[in-house]
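Spelled out, the chains give:
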Amino acid sequence: MTDNDQPGAAPWGHGRPQLRSGEETKRVRAWYRSVVCPRCDAPVGRVCRTAAGHPAERHHARSKAAGSPPYEEWRKEGLFRTSEQAVIPEILRDSDTMRDRFNVDEPLGDAAAIVGHALVHQVGFSLGDELVLDRFDDAARALALARGPVGSADLVTVLAAQVAALASILAGPFGDPEATYTTFVREQTSNARQQQRREAGRSTSE
Ligand SMILES: [Zn+2]
């Protein structure tokens, strides 16, 4: 039968968990079947029925009568271990991977993960692909939320130090890293302004 439970009160954020354990499905079903259906009078423990007597999807009135399942309590019992792992943001898992790979602390793992994300999606970035930008924002926000102000400040420190080190490498042994970085920022902003002008021109000519 179809399982159309709406775990609206689920405590872990974005909608329903991607994976449902068999145990969870059983409990959710039993939860809603713990009340008589006000619509079809299906007794406790029994499936809803159509007027012709065939098994039907659970009636909305029955879901409403039963109320939301106690997901928080079930979570405390460890019922959702699989589901919780499935919804850990990708960027946090990437950070762990980087920490293992380089044997480094959390801020450096975070930096490697978020830069890695930017590098993988570099083409999308330069094209201003909104989906890519949104996903990057989500990843950055997930990191900041998970680490809090202190961890986020550590991440900024690591990123700034890395950019400075890269500028030194780009400038070469006799170059000036500050000048290299300044030139880079000027080029970037000038490109961005040209792009904005092109878009403004396009929208007025349409
Ligand atoms: Zn019913």
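Keep in mind that what you see is a predicted model, and the values were worked out from it rather than measured.

### Considerations on the overall build of the protein chain
And step 1. Check the secondary structure of the protein chain and you find nine helices and zero strands.
And step 2. In sequence order, the secondary structure elements of the protein chain are arranged as α-α-α-α-α-α-α-α-α.
And step 3. Residues counted as buried form 13% of the 206 residues belonging to the protein chain.
And step 4. For the protein chain, the share of sequence-separated contacts (at least 6 apart) that also reach a separation of at least 24 residues comes to 53%.

### Some words on the nonpolar core
And step 1. Counting residues in each nonpolar core, the largest one holds eleven residues, listed as Ile91, Met98, Leu108, Ala111, Ala112, Ala113, Ile114, Ala139, Leu143, Leu155 and Val158.
And step 2. Looking at this core, the elements that each hand over two or more residues are helix H5 (90–102), helix H6 (106–120) and helix H8 (130–171).
And step 3. Here this core gets five residues from one element, more than from any other, and that element is H6.

### Points about the confidence of the model for the protein chain
And step 1. Residue-level pLDDT values for the protein chain average 82, and 83% of them are 70 or greater.
And step 2. Within the protein chain, H6 carries the highest mean pLDDT (94), whereas helix H4 (residues 81–87) carries the lowest (50).
And step 3. Predicted confidence for residues 1–19 stays below pLDDT 50, and this span has 33 contacts to residues more than four positions away or in other chains.

### Comments concerning H5
Every α-helix winds through 3.6 residues per turn, so residues three or four apart in the chain are directed the same way.
And step 1. The end-to-end C-alpha separation of H5 is 18 Å, in line with the 18 Å expected for 13 residues at 1.5 Å each.
And step 2. Along H5, the residues classified as buried are Ile91, Ser95 and Met98. For H5, the buried positions fall inside an angular range of 65° around the axis, keeping them on one side. Seen from the buried face of H5, the exposed residues on the opposite side, beyond 90 degrees, are Arg93 and Asp100.
And step 3. Among the structural elements, H6 and H8 are those in contact with the buried residues of H5.

### Considering the packing of H6 against H8
And step 1. Where H6 meets H8, the axes come as close as 8 Å, and the angle between the chain directions of the two elements is 110°. With respect to H8, the element H6 is oriented roughly perpendicular. In this structure, H6 meets H8 at a crossing whose hand is left-handed. In this structure, H6 uses Glu106, Pro107, Leu108, Asp110, Ala111, Ile114, His117 and Ala118 to contact H8, whose residues at the interface are Phe136, Ala139, Ala140, Leu143, Arg147, Gly151, Asp154, Leu155, Val158, Leu159 and Gln162.
And step 2. A class-by-class count of the residues in the contact of H6 with H8 yields twelve nonpolar, three polar and four charged.

### Notes on H6
And step 1. Between its first and last C-alpha, H6 extends 21 Å over 15 residues, near the 21 Å set by a 1.5 Å rise per residue.
And step 2. Residues of H6 that are buried in the fold lie against H5 and H8.

### Description of the environment of Val44
And step 1. For Val44, the location among the structural elements is in the loop between helix H1 (22–32) and helix H2 (60–66).
And step 2. C-beta crowding within 10 Å serves as the criterion here: with 10 such atoms nearby, Val44 is assigned to the exposed category.
And step 3. Expressed as a C-alpha distance, the spacing of Val44 and Ser34, which sit ten residues apart in the sequence, is 5.1 Å.
And step 4. The residues touching Val44, leaving out its near neighbours within four places in the chain, are Arg33, Ser34, Val35 and Val36.

Conventions adopted
- Residues numbered from 1 in each chain as written.
- Predicted model: local features only at pLDDT ≥ 70, side-chain atom pairs only at ≥ 80, totals over all residues.
- Helix = DSSP H or I, 4+ residues; strand = E, 2+ residues; numbered from the N terminus.
- Buried ≥ 20, exposed ≤ 12 C-beta atoms within 10 Å, placed from the backbone.
- Contact = placed C-beta atoms within 7 Å.
- Core = buried A, V, L, I, M, F, W, Y, C linked by C-beta atoms within 7 Å.
- pLDDT = per-residue confidence, 0-100.
- Expected span 1.5 Å × (residues − 1).
- Arc of directions from axis to C-beta.
- Axes fitted to C-alpha atoms, helices over the stretch in contact; angles between N-to-C directions.
- Parallel < 35°, antiparallel > 145°, perpendicular 65-115°, else oblique.
- Left-handed = near helix turned anticlockwise from the far one by under 90°.
- Nonpolar A, V, L, I, M, F, W, Y, C, P; charged D, E, K, R; others polar.

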